[in-house]
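Structural characterization, general
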Amino acid sequence: MDFFSTTNTLVQIPLWDSVYDLSYIEAVGTIAGLLCILLASFEKTINYLFGLINVTLFAVIFFQIQLYANLLLQVFFFVANIYGWYAWSRVTSSQQAELQIRWLSLPKAMMTLVVSVLAIAYLTFNIDAVFGVLATWAVELLNAFGANLAMPTIEPDAFPFWDSTMTVLSVVAMVLMTRKYVENWLVWVVINIISIVIFFIQGVYAMSLEYLILLGIALNGSRLWIRSAKENGYSPLARK
């Protein structure tokens, strides 16, 4: 059995007038991703182990279906998961967690908002070129290790603004999560809502359902982390 092949079907899922072939690697990667987000909502450092499994398997999937720009994003998320694991594991001399769940300060919140808006605006008007460059880098990097890949044809993005928004906000949310900022869950809520609608419109109903589950986890994570931040003495947009 070739576990890492996307053509190796675990189960066929009936979806309206079609059938979705769920592969073993996609099933395990998806479950790992769900466990990662769920455990993160409960502030469990082990979430990063499942995050590493998720991004690694999804990188393999994106390699097979020739989405090389998305493959490089998984490399970023892999590094972010390693850093998050390190940051969450650090403790003070009194054996307390060095990082506490907290809100962004007002200056940091404004800076994050401005950078996000500018990045989304830039990527919206240049998304095909940017992902083309990323795909080229990915192919050249893989070919350096003997992959012998042909350069893929980049099709025009169907939803440039929404894809740009999801890409930028995913990076922002991941960075905020590694630093235990409450806002990461609020950003994930926005990402999940957009994803549910986009995947439903595109007819990828299994992915739409997955993001519906992730939305529920993100909403619960928001509730738990807002409560923890209050217990830690932090308030929204505090100037500290």
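Placed above this text is the structure.
We now turn to the structure provided with this report. (Residues numbered from 1 in each chain as written. Predicted model: local features only at pLDDT ≥ 70, side-chain atom pairs only at ≥ 80, totals over all residues. Heavy atoms only, no water.)

The subject of this paragraph is the pattern of salt bridges. Taken as a whole and judged by the stated rule, the model has two salt bridges. Among the ionic pairs, K180 bridges to E43, the shortest N-O distance being 2.7 Å. Remark: E43 occurs in the loop between α1 (24–41) and α2 (47–64) and K180 occurs in the loop between α5 (160–178) and α6 (183–201); sequence separation between them is 137 residues. The partner of E98 in a salt bridge is R90, with the nearest N and O atoms 3.4 Å apart. (Salt bridge = Lys/Arg side-chain N within 4 Å of Asp/Glu carboxyl O. Helix = DSSP H or I, 4+ residues; strand = E, 2+ residues; numbered from the N terminus.)

The full count for this structure, using the stated rule, is nine aromatic pairs. Ring geometry for F58 and F62: centres 6.2 Å apart, planes at 80°, overall edge-to-face. In this pair, F58 and F62 are both assigned in helix α2, four residues apart and thus about one turn of the helix distant. Given a relative accessible area of 16%, F58 falls into the buried group. Relative accessible area serves as the criterion here: at 15%, F62 is assigned to the buried category. Measuring from ring centre to ring centre gives 4.9 Å for F161 and W162, while their planes differ by 70°; the resulting arrangement is edge-to-face. For F161, a relative accessible area of 41% puts it in the partly exposed group. Put simply, the rings of Y48, W88, W185 and W225 pair up and form one aromatic cluster. (Phe/Tyr/Trp six-rings, centres within 6.5 Å; stacked < 30°, edge-to-face > 60°. Buried < 20%, exposed > 50% of the residue type's maximum accessible area, 1.4 Å probe, protein only.)

What follows deals with the nonpolar core. For soluble globular proteins, nonpolar side chains are generally found buried alongside one another. Core analysis: the largest hydrophobic core is formed by 55 residues, its most contacted members being W88, M177, W185, W188 and W225. Secondary-structure elements contributing two or more residues to this core are α1, α2, α3 (68–89), α4 (106–144), α5, α6 and α7 (205–231). Aside from chain neighbours lying at most four places away, what touches W88 is A40, E43, K44, T45, N47, Y48, L99, M177, T178, K180 and W225. (Core = buried A, V, L, I, M, F, W, Y, C linked by side-chain atoms within 4.5 Å. Contact = heavy atoms within 4.5 Å.)

Together, V28, I46, L49 and I53 make up a nonpolar patch on the protein surface, roughly 270 Å² of accessible area in all. The topology assignment puts I46 in the loop between α1 and α2. (Patch = residues over 30% accessible without salt bridge, like charges linked within 9 Å, V, L, I, M, F, W, Y side chains within 5 Å. Areas by Shrake-Rupley, 256 points an atom, 1.4 Å probe, with all protein chains shown as cover.)

Another point: α5. Across its 19 residues, α5 extends 27 Å between first and last C-alpha, which sits within 8% of the 27 Å expected from 1.5 Å per residue. Of the residues one or two after α5, K180 is the one with positive phi, at around 60°. (Expected span 1.5 Å × (residues − 1).)

A few words now on the packing of α4 against α5. Where α4 contacts α5, the two axes come as close as 8 Å, and the packing angle between them is 130°. Judged by the inter-axis angle, α4 sits oblique to α5. Two packed elements cross with a definite hand, and for α4 against α5 that hand is right-handed. Taking contact as the criterion, the partners of T112, S116, A119, I120, L123, T124, I127 and F131 in α4 are, on α5, P160, F161, D163, S164, T165, T167, V168, L169 and V172. Here the residues of the contact of α4 with α5 are counted per class, giving 10 nonpolar, six polar and one charged. (Axes fitted to C-alpha atoms, helices over the stretch in contact; angles between N-to-C directions. Parallel < 35°, antiparallel > 145°, perpendicular 65-115°, else oblique. Left-handed = near helix turned anticlockwise from the far one by under 90°. Nonpolar A, V, L, I, M, F, W, Y, C, P; charged D, E, K, R; others polar.)

With 18 residues, α1 should cover 26 Å at 1.5 Å per step; its first-to-last C-alpha distance of 26 Å lies within 8% of that length. Among the residues of α1, those classed as buried are I25, E26, A27, G29, T30, A32, G33, L34, C36, I37, A40 and S41. Trailing α1 by a residue or two, E43 shows a phi angle of about 60°, which is positive.

Here we take up the side chain of S222. Assignment of secondary structure puts S222 in helix α7. Excluding residues within four positions of it along the chain, S222 makes contact with W185, L186 and V189.

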